[in-house]
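Examination of the molecular architecture
Given next are the chains, with one letter for each unit.
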Amino acid sequence: MAKADVMIDNQKTRVTEWTFEIGDETGQHIHEFDYVVVPLLDGELKIINHDGEVTISKHKQGGSYFSEKGVNHNVLNNNDFIYKFIEIEFK
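Residues numbered from 1 in each chain as written. Predicted model: local features only at pLDDT ≥ 70, side-chain atom pairs only at ≥ 80, totals over all residues. Heavy atoms only, no water.

1. Notes on the environment of Met7
To keep it simple, the criterion reads: Helical segments are the DSSP runs of H or I of at least four residues, strand segments are the runs of E of at least two, and each set is numbered from the N terminus. Burial classification: accessible surface area is computed with a 1.4 Å probe over protein chains only, and a residue below 20% of its type maximum counts as buried, one above 50% as exposed, and the rest as partly exposed. It only takes one pair of heavy atoms within 4.5 Å for two residues to be counted as in contact.
Checked against the element boundaries, Met7 lands in strand S1 (residues 3-9). On the accessibility criterion, Met7 (48% relative accessible area) is partly exposed. Separated by 10 residues in the primary sequence, Met7 and Glu17 place their C-alpha atoms 7.0 Å from one another. Residues contacting Met7, with those up to four places away along its chain left out, are Val15, Thr16, Glu17 and Ile86.

Listed below in structure tokens is the structure:
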């Protein structure tokens, strides 16, 4: 399982650093809040949506993206190295 290190958790935001060893995944989950992801490395994540649809998401270091609450997926490290990103959730 991917490791979640919560760095900030207050009334307005939660900031988590996610670390994925080779082959790690988050497990299927639904996002409760809108969020921004900031990749710490170039790399790829495999995304499996709740309906089983698989996509490969390519990321550039620092190239953040926004998603709305309700996203239901499992995120897997699709690299042959440890991968990390920061997730910022807006409560």
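2. Section: the side chain of Asp24
For the record, the criterion: The charged-residue count follows a simple rule in which Lys and Arg add positive charge and Asp and Glu add negative charge, with His and chain termini not counted at all. The term salt bridge refers to a pairing of a side-chain nitrogen on Lys or Arg with a carboxyl oxygen on Asp or Glu at a separation within 4 Å.
As for its placement among the helices and strands, Asp24 is situated in the loop between strand S2 (13-20) and strand S3 (29-30). One buried charged residue, Asp24, forms no salt bridge at all, with the nearest opposite charge on Lys3 at 10 Å. For Asp24, the contacting residues outside a window of four places in its chain are Met1, Ala2, Thr19, Val75, Leu76 and Asn77.

3. Re the packing of aromatic side chains
As a reminder, the rule being used: Stacked, tilted and edge-to-face are the three classes applied to pairs of Phe, Tyr and Trp rings, where Trp contributes its six-membered ring and a pair requires centres within 6.5 Å; stacked means planes under 30 degrees apart, edge-to-face means over 60, and tilted covers the rest.
Taken as a whole and assessed by the stated rule, the structure comprises 2 aromatic pairs. When the centroid spacing of 6.3 Å and the interplanar angle of 35° are considered together, the rings of Trp18 and Phe20 count as tilted. There is no split in this pair, since Trp18 and Phe20 are both buried. Seen from their ring centres, Phe20 and Phe85 are 5.5 Å apart, and the 35° between their planes marks the pair as tilted. With a gap of 65 residues between them, Phe20 in strand S2 and Phe85 in strand S9 (residues 83-90) connect regions that are remote in the sequence. We note that Phe20, like Phe85, is buried. Joined through ring pairs, the aromatic side chains of Trp18, Phe20 and Phe85 make up one cluster.

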